[in-house]
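Letter by letter, the chains look like this.
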Amino acid sequence: MTVAPRPRRRRDTPPPRTGGSETEVLRGFLDYLRDSVAAKVEGAPEPEVRTAGTPSGTNLLGLLNHLTSVERSLFLGERVADWPATFHAAPADGVAEVVARYRKAVAEANDVLDTCTGPGAPVPRRRPEDPAPSTRWALTHMIEETGRHAGHADILRELIDGSTGR
């Protein structure tokens, strides 16, 4: 009788302990989710990392590519002409490149957030004519967006190689 290998389990990382202010709590949870979703993609094998896991075409590498675009749009003011296209990484982009690009976007977004004066203040814009959401709205939206896709990434990664946990 052959025993199937046990799936790789990562130890779950508990939610962050943050400072007490609204901004510290929101940023702490956002960074927690950002790290979780990046960890789901790191080390995932090719070509499975870009293979659709759902009929809609959702794939692990594409999710992180999309989140990079959302970070850059929301916090850095970059315009995205074709949102559906952001769900697919370029064929030449491997896991390491997409993860590095995501982490760079997160670092740049955090630099912008460091300049915000409070949760009600607008997120700075490169082009003053672009409408700016409040820092509170931007952080809440990014938590929702990242959390949603982190859940997708959990399932896709488990389907790829059995890896679970944060």
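To start, this report covers the structure provided alongside it. (Residues numbered from 1 in each chain as written. Predicted model: local features only at pLDDT ≥ 70, side-chain atom pairs only at ≥ 80, totals over all residues. Heavy atoms only, no water.)

## Some words on the overall build of the protein
As a reminder, the rule being used: By definition, any uninterrupted DSSP run of H or I lasting at least four residues is a helix, any uninterrupted run of E lasting at least two residues is a strand, and each is numbered from the N terminus. As a reference, a globule follows 2.2 Å times the number of residues to the power 0.38, and the radius of gyration itself is taken over C-alpha atoms. Exposure categories follow from relative accessible area, calculated using a 1.4 Å probe and restricted to protein chains: below 20% of the type maximum is buried, above 50% is exposed, and the middle band is partly exposed. Whether two residues are in contact is decided by their heavy atoms, any of which lying within 4.5 Å being enough. Note on areas: Shrake-Rupley with a 1.4 Å probe; residue coverage comes only from the protein chains shown.
The secondary structure content of the protein amounts to four helices and zero strands. Helices (α) and strands (β) of the protein occur, in sequence order from the N terminus, as α-α-α-α. For the protein, whose C-alpha radius of gyration is 17 Å, the value lies close to the compact-globule estimate of 15 Å for 166 residues. Dimensions of the protein, computed from C-alpha atoms along their principal axes, come out at roughly 65 × 40 × 25 Å. Of all 166 residues assigned to the protein, the portion counted as buried reaches 42%. Long-range pairs, those at least 24 residues apart, make up 70% of the contacts in the protein with a sequence separation of at least 6. Total accessible area computed for the protein in this model is approximately 9200 Å², and 58% of it derives from carbon and sulfur atoms.

## Observations regarding the side chain of glutamate 145
Counted only if it meets this: Only four residue types enter the charge count, namely Lys and Arg as positive and Asp and Glu as negative; His and the chain termini do not. Salt bridges are defined as contacts in which a side-chain nitrogen from Lys or Arg sits within 4 Å of a carboxyl oxygen from Asp or Glu.
Mapping glutamate 145 onto the fold places it in helix α4 (residues 135–161). No salt bridge is formed by the buried glutamate 145; its nearest oppositely charged neighbour, arginine 148, is found at 5.1 Å. Residues contacting glutamate 145, with those up to four places away along its chain left out, are His66, Leu67 and Val70.

## Brief notes about the environment of valine 80
Here valine 80 lies in the loop between α2 (60–76) and α3 (95–114). Among the residues examined, valine 80 registers a relative accessible area of 26% and is labelled partly exposed. C-alpha of valine 80 to C-alpha of valine 70: the two residues are 10 residues apart in sequence and 8.7 Å apart in space. If sequence neighbours within four positions are ignored, valine 80 has contacts with Ser69, Ser73 and Thr86.

## Let's talk about helix α1 (residues 22–41)
Under the convention used in this document: Helix span, as expected, comes to 1.5 Å for every residue beyond the first.
Its 20 residues place the ends of α1 29 Å apart at the C-alpha level, agreeing with the 28 Å of an ideal helix rising 1.5 Å per residue. A positive phi of about 80 degrees marks glycine 43, the residue just after α1.

## Some remarks on the layout of surface pockets
Convention followed: As defined here, a cavity is a set of points on a 1 Å grid over the protein atoms alone where a 1.4 Å probe fits but cannot get out. A pocket is an open set with protein on both sides within 12 Å along at least five of seven lines, and residues line them when an atom is within 4 Å of a point. Grid points are joined across faces, edges and corners, and a volume is the space filled by probe spheres set on the points. Amino acid classes used here: Ala, Val, Leu, Ile, Met, Phe, Trp, Tyr, Cys and Pro are nonpolar; Asp, Glu, Lys and Arg are charged; the rest, including Gly, are polar.
Of the volumes computed, that of the largest pocket is approximately 170 Å³. The leading source of residues in the lining of the largest pocket is α2, at five residues. When its residues are assigned to classes, the lining of the largest pocket shows one nonpolar, five polar and four charged.

## Looking at α2
Just so we agree on the cut-off: Counted as a polar contact is a pair of N or O atoms within 3.5 Å, where, for protein atoms, one must be capable of donating a hydrogen and the other of accepting one, and residues adjacent in sequence contribute only when both atoms are in side chains.
The end-to-end C-alpha distance of α2 is 24 Å, a good match for the 24 Å that 17 residues give at a rise of 1.5 Å each. α2 sits mainly inside the fold: 16 of its 17 residues count as buried. N-capping of α2 is provided by asparagine 59, with a side-chain oxygen placed 3.4 Å from the backbone N of leucine 61. Glycine 77 occupies a position one or two residues after α2 and carries a positive phi of about 75 degrees.

These figures capture arrangement, not role.
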